[in-house]
Amino acid sequence: KAALGEGPDALEAIGKAYEQARHANSPQGIGAAAAFAGALEQKGEAGRALDVYRVALEQVEQIRAQLDLSDRFRFMESASGISRSAAKLLFGAKQYEEAFEVSERGQARTTLDLMFRHQIRRQGGRVIRAAVNGRAILDSPSLATVQEDVDQSGIHLLKLYRGDQNLLAWLLKPGEPMKAWD
């Protein structure tokens, strides 16, 4: 029963499966992280769940960087649940800034990679990293970078992010603090 996620030892069994899969740095590890973080959330351990989500998000970036473009689309489709779950949990904890950045990491990463592929010199101050296999990947923008763009351009930015069961929204205005709703 514990291996199926039921019974008093379920959390421990899911945690052991996560620890084993985490070190493999594979798509299966991302699925194990999602299962473990979800179980932690259900047990009311939001802090531990966020730690698992953060590690999984880093692994998603590492794995994504190693894949060819078509494989990235398939992988990010399955891994996007980590971003949605982490953003929802962060939003619920009123950690709006980190939730914004997590949503940026998980949203349309492969499309950004596709657009970036031919424009390596046109990225301004964005961080470009070399992946294990020699590919160059563009990092997601930080909230500070996005706010700076909003301030300099004088635009208002309304970002909507669809979670599994809700819609998260952020409003950035020049020279004003961020507003956020769910």
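From a predicted model like this one, the values you see are computed outputs, not experimental measurements.

Draft legend 1. View of the overall build of the chain. Secondary structure summary: the chain contains 7 helices and 5 strands in total. Secondary structure of the chain in N-to-C order comes out as α-α-α-α-α-α-β-β-α-β-β-β. Considering the chain as a whole, with its 182 residues, one finds that 40% of them fall into the buried category. In the chain, the proportion of contacts linking residues at least 24 apart, taken out of those at least 6 apart, comes to 55%.

Draft legend 2. Highlighting the sheet that holds strand β3 (residues 157–162). With antiparallel pairing, the 3 strands of this open sheet are ordered in space as β3-β4-β5. In this open sheet, the two edge strands, each paired with only one partner strand, are β3 and β5 (179–181). Ignoring strand direction, the axes of neighbouring strands in this sheet form an average angle of 15°. Pairing of β3 with strand β4 (residues 167–172), which is carried by 6 bridges, proceeds in the antiparallel orientation. Of the residues in β4, the one forming a bridge with Leu158 is Leu171.

Draft legend 3. Up close: the packing of aromatic side chains. Following the criterion strictly, the structure yields 4 aromatic pairs and no others. Ring centres 5.3 Å apart and planes at 25° place the aromatic pair Tyr18 and Phe36 in the stacked group. Of this pair, Tyr18 sits in helix α1 (residues 10–22) while Phe36 sits in helix α2 (residues 27–42); the two residues are 18 residues apart in sequence, bridging distant segments of the chain. Of the two residues, Tyr18 and Phe36, neither departs from the other in class, the shared state being buried. Aromatic pair Phe91 and Trp170: ring centres 5.4 Å apart, planes at 80°, arrangement edge-to-face. Here Trp170 lies in strand β4 and Phe91 lies in helix α4 (residues 69–92), a separation of 79 residues in the sequence. Clustering of aromatic rings is evident, with ring pairs tying together Phe91, Tyr96, Phe100 and Trp170. Across from the ring centre of Phe100, 5.3 Å away, lies the NZ or CZ of Lys159, which sits over that ring.

Draft legend 4. Seen up close, the pattern of salt bridges. What the rule picks out here adds up to 7 salt bridges. The salt bridge involving Arg48 is made with Glu45; its shortest N-O contact spans 2.7 Å. Each of Asp51, Arg54 and Glu98 takes part in a single network of salt bridges with overlapping partners.

Draft legend 5. Quick peek at the environment of Ala37. Mapped onto the secondary structure, Ala37 falls in helix α2. Owing to a relative accessible area of 0%, Ala37 belongs among the buried residues under this scheme. Along the backbone, Ala37 and Val52 are 15 residues apart, and their C-alpha atoms lie at a distance of 5.9 Å. If near-sequence neighbours (up to four positions away) are discounted, Ala37 is found in contact with Ala49, Val52 and Tyr53.

Draft legend 6. Representation of empty space enclosed by the protein within the structure. Overall, the coordinates contain 1 cavity of 30 Å³ or more when judged by the stated rule. The computed volume of the largest cavity comes to approximately 40 Å³. Lining the largest cavity are Leu57, Val60, Glu61, Met76, Ala79, Ser80, Ser83, Arg105 and Gly106. Contributions of two or more residues to the lining of the largest cavity are made by α3 (46–66), α4 and α5 (96–106).

Calculation criteria
- Along every chain, residues carry numbers that run from 1 in the direction the sequence is written.
- In view of the model being predicted, local features appear only for residues whose pLDDT reaches at least 70, and side-chain atom pairs are presented and counted only at 80 or more, with totals across whole chains, interfaces and linings using the full set of residues.
- In computing side-chain values, all of the structure's heavy atoms are included and hydrogens and water are not.
- Put simply, DSSP H or I for four residues or longer makes a helix, DSSP E for two residues or longer makes a strand, and each gets a number counted from the N terminus.
- Classification of residues uses two cut-offs on accessible area relative to the type maximum, computed with a 1.4 Å probe and protein chains only: under 20% is buried, over 50% is exposed, and between them is partly exposed.
- Here a residue-residue contact requires only that any non-hydrogen atoms of the pair lie within 4.5 Å.
- DSSP bridges decide pairing: two strands pair if at least two such bridges lie between them.
- Lines fitted to C-alpha atoms define the axes, with helix axes restricted to the stretch in contact, and inter-axis angles between N-to-C directions lie between 0 and 180 degrees.
- Any two rings among Phe, Tyr and Trp, with Trp reduced to its six-membered ring, count as a pair given centres within 6.5 Å; such a pair is stacked if its planes are under 30 degrees apart, edge-to-face if over 60, and tilted if neither.
- In this scheme, the term charge over a ring applies when either NZ of a lysine or CZ of an arginine sits within 6 Å of the ring centre and within 35 degrees of the ring normal.
- Salt bridge, as used here: a side-chain nitrogen of Lys or Arg that lies within 4 Å of a carboxyl oxygen of Asp or Glu.
- Throughout, the protein atoms alone are placed on a 1 Å grid, and a set of points is a cavity if a 1.4 Å probe fits but cannot get out or a pocket if it is open with protein on both sides within 12 Å along at least five of seven lines; lining residues have an atom within 4 Å of a point.
- Grid points are joined across faces, edges and corners, and a volume is the space filled by probe spheres set on the points.

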